Amino acid sequence: MSGRSIQLVVAGISFHCSQKVHNQLEAIALASRRSSYLVILDDDIQLHAHSIHEWVTEMEEHPSLFVSSGYSFDWPAQSAATTPTLLVLVWRMLAMAAFSSTRPSNVWGGALIFRREALQRNFHSLLDAWRDGGYSEDLITIALCRKHCLQIAVPLSAIFPNRLAEPLSWARYWGYVCRQVFTLSTWAFPFHHYMAMQMQATLFAHNGVSALAVLLLLALAVGAGGALGAPALAAAAAAARAA
């Protein structure tokens, strides 16, 4: 970072869109015109050594791309492997299927890269959709790309490890589910509304599969414990009789 300057922008309180979207809009407006690309990242993303280089290379080699993205691969520490944590983990792993192709139809808001000119010129009114009541910038971007047949790239290396160090409580899990449902109850234009309704059905199906998967794992664990415990109990009884 020698010779580079970092500018911290105080965006202020948001009133017409989510605070995250508001912060991003302020940063985009102030981005230097000498920049070719703008990268939007969650603050806890663990990039690989060459992640940004590979994103830029993908965009340079394929001028038709509108945006490049990635996804988070969550894995819990042993102390954090509570049932609510496993439920979220199964959900995220199911959602990862949408990023199994290098040209998916989805993006993830935690890792996005756009051409600066495309954003600052508000191509396809993307920033207007974010600004006017936007809550989820990734779903708005997905809807816009699908509506206008814009290409999305996710390089194979753009799957980022995310270690879950803290156990998730049932209250936080419920908050997570509520946010997913609320996200799908917001839309910026009619096509986005139609897409959100389809995703709502998928969300409820995924939550059901997540719950069944965790219950199955718990049942298998209990069954395995019982099977392993039976020989030990029999040996203990035989030892008691011999004594």
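If you're wondering where the values come from, they're calculated on a predicted model, not measured in any experiment. (Residues numbered from 1 in each chain as written. Predicted model: local features only at pLDDT ≥ 70, side-chain atom pairs only at ≥ 80, totals over all residues. Heavy atoms only, no water.)

Enquirer: I'm lost on the packing of helix α3 (residues 83-95) against helix α7 (residues 170-183) in this one. Help?
Expert: Packed helices, taken two at a time, are described by the angle between their axes plus the distance between the axes. Interhelical geometry of α3 versus α7 gives an angle of 25° and a closest axis separation of 8 Å. Between α3 and α7, the angle is such that the two are roughly parallel. Crossing of α3 against α7: the hand is left-handed. Seen from α3, the contacting residues are T83, P84, L87, V88, W91 and R92; seen from α7, they are W170, Y173 and Y176. (Axes fitted to C-alpha atoms, helices over the stretch in contact; angles between N-to-C directions. Helix = DSSP H or I, 4+ residues; strand = E, 2+ residues; numbered from the N terminus. Parallel < 35°, antiparallel > 145°, perpendicular 65-115°, else oblique. Left-handed = near helix turned anticlockwise from the far one by under 90°. Contact = heavy atoms within 4.5 Å.)

Enquirer: Explain the side chain of R115 here, please?
Expert: Here R115 lies in strand β4 (residues 111-115). In this structure R115 is buried but unpaired, with E60 as the nearest side chain of opposite charge at 5.9 Å. Only 2.6 Å separates the side chain of R115 from the backbone oxygen of M59, close enough to count as a polar contact. R115 has contacts with S36, Y37, M59, H62, P63, L65 and F66, leaving out every residue within four places of it along the chain. (Buried < 20%, exposed > 50% of the residue type's maximum accessible area, 1.4 Å probe, protein only. Lys, Arg positive; Asp, Glu negative; His and termini not counted. Salt bridge = Lys/Arg side-chain N within 4 Å of Asp/Glu carboxyl O. Polar contact = N/O pair within 3.5 Å; in protein donor to acceptor, adjacent residues only side chain to side chain.)

Enquirer: Before we go on, may I ask you to explain the sheet that holds β4 in this structure?
Expert: Strand pairing in a sheet takes place through backbone hydrogen bonds and is either antiparallel or parallel in direction. Spatially, β1-β4-β2-β5 is the arrangement adopted by the four strands of the open sheet, whose pairing is mixed. Of all the strands in the sheet, the pair left with one neighbour each is β1 (37-41) and β5 (151-153). For this sheet, the mean inter-axis angle between neighbouring strands, taken without regard to orientation, is 25°. Pairing analysis gives three bridges linking strand β2 (residues 65-69) to β5, with the strands arranged parallel. Across the sheet, V67 pairs through a bridge with I152, a residue of β5. Relative to the sheet, helix α2 (residues 51-61) contacts β1, β2, β4 and β5, its axis offset from that of β2 by approximately 160°. Helix α6 (residues 137-148) rests against β2, β4 and β5 of the sheet, and its axis sits at about 145° to β2. (Pairing = 2+ DSSP bridges.)

Enquirer: Honestly, helix α1 (residues 19-30) in this entry has me stumped. Any pointers?
Expert: Residues that lie three or four places apart on an α-helix share one face, since the helix turns once every 3.6 residues. Along its 12 residues, α1 runs 17 Å from first to last C-alpha, staying within 8% of the 16 Å computed at 1.5 Å per residue. Every buried residue of α1 is accounted for by V21, H22, Q24, L25 and I28. For α1, the buried positions fall inside an angular range of 165° around the axis, keeping them on one side. As for α1, its buried residues are in contact with β1, α4 (116-120), α5 (126-131) and α6. (Expected span 1.5 Å × (residues − 1). Arc of directions from axis to C-beta.)

Enquirer: How should I be thinking about the packing of aromatic side chains in this particular structure?
Expert: Both the distance between ring centres and the angle between the ring planes are used here to describe each pair of aromatic rings. The full count for this structure, using the stated rule, is seven aromatic pairs. Ring plane angle 15° and centroid distance 4.6 Å describe the contact between Y71 and F99, whose orientation is recorded as stacked. On the criterion of sequence distance, the pair formed by Y71 in strand β3 (residues 71-76) and F99 in the loop between α3 and β4 is long-range, its members being 28 residues apart. By the burial criterion, Y71 is buried, and F99 matches it. For the pair Y71 and W108, a centre-to-centre distance of 5.5 Å together with 70° between the ring planes defines the contact as edge-to-face. You can see Y71 sitting in strand β3 and its partner W108 sitting in the loop between α3 and β4, a full 37 residues away along the chain. (Phe/Tyr/Trp six-rings, centres within 6.5 Å; stacked < 30°, edge-to-face > 60°.)

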